[in-house]
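The chain contents come next:
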Amino acid sequence: MAGSPTESQPHTLQTPPPQGQPQQAPLPLQPQQAYPPPMDILPVRPQKKHVHHSYIWLSLLQAAVATLIGLVFTAVPLLLEEGAIEEVFGGTVPSSGLTVAGIAVVFVVILGVTALIATLSYRNLSYELGEEEFNLYSGIISKKRVHVPYQRIQSVNQKASLIQRLLGVCTVNIDTAGGASNQAITVPYLQNTEAERLRYELFARKQALLSATAGVQTTSGSASAGSPPAPNYLPPSGLPILAAQAAPPARSGLPEQNLLDAPAQVMTELRGVFGNGALDTGAVSFQYGMTNKELFLTGLSNKTGFMLLILSGIATLTSTGAMLFQSALIEVDYERGLNLAAELVSSPAAIGLVVGAVVAALLVLWLISIGSTCLSYGGFKALRRGNRIEVERGLLQHHFNGVDIDRVQSVIIKQSFIRRIFGYCELSLAKIDALAGNSSDQQPSRVIGLVVHPFLKISRVPEILAGLVPEFAGLPTTTRPVAKQALRRAIIRRTILTGGGFWLALVLAAVSLCVALFALPALEAAGAVGATGEWGETRQLIGAGELYGTMALLILAALCLILMVLDVIGAVLWYRGSNYAYNRHFLQVTNGGFSRECVCLPRRKIQYGFTKTNPFQRRARVQTINARTAAGIGGTTVRLLDVQEAEATEWLDWIKPRV
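Rules used in this analysis
For every chain, the first residue of the written sequence is number 1, and numbering continues from 1 onward in sequence order. Side-chain atom pairs in this predicted model are given and counted only at pLDDT of 80 or more, local residue features only at pLDDT of at least 70, and totals for whole chains, interfaces and linings cover all residues. To obtain the side-chain values, all non-hydrogen atoms of the structure were included, while hydrogens and water were left out. Strands are runs of DSSP state E lasting at least two residues, helices are runs of H or I lasting at least four, and both sets are numbered from the N terminus onward. Whether a residue is buried, partly exposed or exposed follows from its accessible area with a 1.4 Å probe, protein chains only, as a fraction of its type maximum: under 20%, in between, or over 50%, in that order. Here, residues are in contact when the closest pair of their heavy atoms is within 4.5 Å. Note on areas: Shrake-Rupley, 1.4 Å probe, and residue coverage restricted to the protein chains presented here. Confidence scores per residue from the predictor, reported as pLDDT, run from 0 to 100. Note on pairing: DSSP must find at least two bridges between two strands before they are called paired. Patch members must show over 30% relative accessible area and no salt bridge, and they are joined within 9 Å when carrying like charges or within 5 Å when they are nonpolar side chains of Val, Leu, Ile, Met, Phe, Trp or Tyr. By convention in these notes, a salt bridge is any Lys or Arg side-chain nitrogen within 4 Å of a carboxyl oxygen on Asp or Glu. Interaxial angle, 0 to 180 degrees, is taken between N-to-C directions of lines fitted to C-alpha atoms, where a helix line uses only the stretch in contact. Residues enter a nonpolar core if they are buried and are Ala, Val, Leu, Ile, Met, Phe, Trp, Tyr or Cys, with the set joined through side-chain atoms within 4.5 Å. Aromatic contacts are taken between Phe, Tyr and Trp rings whose centres are within 6.5 Å, Trp giving its six-membered ring; a plane angle under 30 degrees counts as stacked, one over 60 as edge-to-face, and the others as tilted.

A.B. asks: Give me the lowdown on the overall build of the protein, citing residues and values where you can.
C.D. replies: In terms of regular secondary structure, the protein is built from 17 helices and 24 strands. Within the protein, the fraction of its 659 residues that count as buried is 40%. Residue pairs in contact within the protein that sit at least 24 positions apart in sequence constitute 67% of those at least 6 positions apart. Split by element, the accessible area of the protein, about 35300 Å² in all, is 65% carbon and sulfur.

A.B. asks: Pulling in residues and values, what's your account of the confidence of the model for the protein?
C.D. replies: Per-residue confidence for the protein gives a mean pLDDT of 76, with 66% of residues at or over 70. Considering only residues more than four positions removed or in separate chains, one finds that residues 39–44, a stretch of pLDDT under 50, has 13 contacts. Across residues 218–254, confidence stays below pLDDT 50; counting only partners more than four residues off in sequence or on other chains, it has 75 contacts.

A.B. asks: Before we move on, could you go through the sheet that holds strand 4 (residues 126–129) and cite the residues and values that matter?
C.D. replies: The four strands are arranged 3-4-5-6 in an open sheet whose pairing can be described as antiparallel. Every interior strand has two partners, whereas the edge strands, strand 3 (49–50) and strand 6 (144–149), have only one. Bridging between strand 4 and strand 5 (residues 133–138) involves four bridges; their strand directions are antiparallel. Each residue of the ladder has a partner; that of Ser 126, found in strand 5, is Tyr 137.

A.B. asks: Give a detailed account of a nonpolar patch on the surface, specifying residues and quantitative values.
C.D. replies: A cluster of nonpolar side chains, namely Phe 417, Ile 421, Phe 422, Leu 561, Ile 562, Val 565, Leu 566, Ile 569 and Phe 594, defines an oily patch on the protein surface of about 820 Å² accessible area. The set of elements that each furnish at least two residues to the nonpolar patch consists of helix 11 (417–422) and helix 15 (538–577). For the nonpolar patch, the leading source of residues is helix 15, giving five residues. Along the chain, the position of Val 565 falls in helix 15.

A.B. asks: Kindly report on the sheet that holds strand 24 (residues 636–644), identifying the contributing residues and their values.
C.D. replies: Read across the sheet, three strands follow the order 22-23-24 without closing on themselves; strand pairing throughout is antiparallel. Both outer strands of the open sheet, strand 22 (608–612) and strand 24, are each paired with one neighbouring strand and no more. Going across the sheet, the axis of each strand differs from the next one's by a mean of 20°, ignoring polarity. Both strand 23 (residues 622–629) and strand 24 contribute to a ladder of seven bridges, which runs antiparallel. Pairing of Gln 623 across the sheet is with Val 643, part of strand 24.

A.B. asks: Mind laying out the nonpolar core, listing which residues take part and the relevant values?
C.D. replies: Core analysis: the biggest nonpolar cluster contains 36 residues, and Tyr 288, Ile 389, Val 411, Ile 413, Leu 427 and Val 452 have the highest contact counts within it. Looking at this core, the elements with two or more residues in it are strand 10 (286–288), helix 10 (348–376), strand 12 (388–393), strand 14 (408–415), strand 15 (424–431), strand 17 (450–457), helix 12 (461–468) and strand 21 (596–602). A total of four residues in this core trace back to one element, the largest contributor, which is helix 12. Of all hydrophobic cores here, the second largest spans 31 residues; its members include Tyr 122, Leu 125, Tyr 150 and Ala 160.

A.B. asks: Just give me the short version of the pattern of salt bridges, but keep the residues and values in it.
C.D. replies: For side chains bearing opposite charge, pairing can occur when the charged atoms are close. In total, this model carries 15 salt bridges according to the counting rule given. With its nearest N and O atoms 3.6 Å apart, the salt bridge here joins Asp 642 to Arg 493. Here the residue Asp 642 occupies a position in strand 24, and Arg 493 occupies one in helix 13 (residues 486–497), the gap between them amounting to 149 residues. As far as the burial class goes, Asp 642 and Arg 493 line up, both buried. The partner of Arg 621 in a salt bridge is Glu 645, and the shortest N-O contact between them spans 3.0 Å. Here the residue Arg 621 occupies a position in the loop between helix 16 (615–620) and strand 23, and Glu 645 occupies one in helix 17 (residues 645–655), the gap between them amounting to 24 residues.

A.B. asks: I'd like to hear about the packing of aromatic side chains, residue by residue, with values.
C.D. replies: Inspection of every chain in the model, using the stated rule, returns 12 aromatic pairs. A ring pair is formed by Tyr 55 and Tyr 189, whose centres lie 5.6 Å apart and whose planes are at 80°; its orientation type is edge-to-face. A residue pair is termed long-range when its members are at least 10 positions apart, and Tyr 55 in helix 1 (residues 54–82) and Tyr 189 in strand 9 (residues 183–191) qualify at 134 residues. On the accessibility criterion, Tyr 55 (17% relative accessible area) is buried. By relative accessible area, which is 8% here, Tyr 189 ends up buried. With a centroid separation of 5.4 Å and 80° between ring planes, the pair formed by Phe 502 and Trp 503 is classed as edge-to-face. Cluster of aromatic residues (ring-pair linked, three or more members): Tyr 580, Tyr 582 and Trp 654.

A.B. asks: Run through the pairing of strand 5, naming residues and quoting values.
C.D. replies: Taking the residues that link successive antiparallel strands as the turn, the strand 4-strand 5 hairpin has three residues. In this sheet, strand 6 lies alongside strand 5 in antiparallel orientation, the contact comprising six bridges. Of the residues in strand 6, the one forming a bridge with Phe 134 is Val 148. Joining the antiparallel neighbours strand 5 and strand 6 is a turn of five residues, in which Gly 139 adopts a positive phi near 110°.

A.B. asks: A description of the pairing of strand 23 should follow, citing residues and the corresponding values.
C.D. replies: Every other side chain in a regular strand lies on the same face of the sheet, so the side chains alternate between the two faces. With eight of eight residues buried, strand 23 lies mostly within the body of the structure. The alternating pattern of strand 23 places Val 622, Thr 624, Asn 626 and Arg 628 on one face and Gln 623, Ile 625, Ala 627 and Thr 629 on the opposite face, and all of these are buried. The pairing of strand 22 with strand 23 spans five bridges and is antiparallel. Considered in strand 23, the bridge of Phe 610 is made with Asn 626.

A.B. asks: Tell me what's going on with the environment of Ala 505, and back it up with residues and numbers.
C.D. replies: Within the secondary structure, Ala 505 is located in helix 14 (residues 500–530). C-alpha of Ala 505 to C-alpha of Met 564: the two residues are 59 residues apart in sequence and 9.6 Å apart in space.

This is how it looks when you write it as structure tokens:
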């Protein structure tokens, strides 16, 4: 453990005045909004509530579409094979008519069974708000009851497809702090108003129980009278990847606007067919959105679109090369085959056709990727509401994520290569994630937490942190670099041990050696025999294969060299951009390279820390520092390689619990 947590009291933001100006009075920070009492007055016995009845017929609609598609792909080939379509339209009723009737009967039976199951599931699916826990009931034959204590609630998220948005319903996921095997509790098909009410009630009851528990501990004297006062947080004056500067005052006016905010607002205000009116869930103290430039750059930097571009280019080049190679091999005469390949390559019309097709395909894929990403972030807004941080986005498919500030484990600032070029970053909050209970859309991955801005100007990070998470003010500013010998070790590690270019060169050399020692002598022998026999054309084919094999070998060798140069550059960038810093309350770890990631975490959120060395590190007198938090699924380890041995020992002493 990194030390016992302390209860933070209302504090003041103190900004150091410029030189030559008198000291100004501190600006009072508005205390966190307390939740009003829960909306519903609990009766003697809590009442169960059912989900919306659209659960039945939307499930039926999904089953009908899936069944219809399956039957079409199954029946149409059968009918085409028997020639039944011509007979049906010709007016006769052969066995194919019975086949069509049988398919219709199967379709109706499947829909009937689905409707029965959906109706029974709907009647047995309900939830209730107890005095100390949330209960979810489900199951037709095997009954299931899930208990969720309010204190264990991590976050409450909402998700709605386009059809659900039009109908005014959504799916609610309740995440709990349950460790590696944690699964989110899913409540499907709630009306928008009921989902908002449920979210408000869960957080309000959680805070009421926590406040009551804290009051009992204080009354019983469990709180020490001599406990140290709450830390006096200061606004963030800079980050390892930022120039040191005082944080500007947080903005609480209207958020930034972009061209997708208006249609997203219309979709939100319509509320759908069964959505009912909006519910006031508390006052907003800070809010922001995205500009048109940020929205476009977010779509432009989509990794999926970038990978599609690369794969499309590789596929096009491969197809072109295969076409040329086949055209040369089709011609029996070796010289004629080379001439035909040269004509195809040198033809302006052929080159223009290939290049035009490649450019058009890449452009279409990139535009689709940009549009899809922009639509997924349409109507984006992040806000602070009391103790909650809420992020809402999505024009067609709507996503809502809300998390309590006490569940935030760290702040993560990521800069991909494209973001570094434009001077932007991705800002996210790491939290304890969960697996979805009945879907596979949440998988254990390196991407953890809640993205509070996908493409933010790096100079605005202190402003957003001061308004959205003022609890993370007072970050350390004096950084410590990695050891000098880390550069040599990074070049060896990235270029040889984990370098793709080095290992690709080894594989290429091994394949070339095997071909030269075994394959070519065998082919030469076969060509010598075939010159006077029935295989008189073997030598010409061998010559064509040698030519194109040599070309491929040169291309792959150039690729290996490029990859190795990039590995060396990445190692140098990692050495220059990696550092760490810590003070009494926070730890920051920055790992550089072509991309850069800075993790800022409170000391009280660190579960444990340790150092690790291998024989080569012990010889170089460096260590790897590791800090373990509860973020992600099963926890996350933040680490930095090759720290000076003495500095790593000092950091390990800082990790030790304090009295």
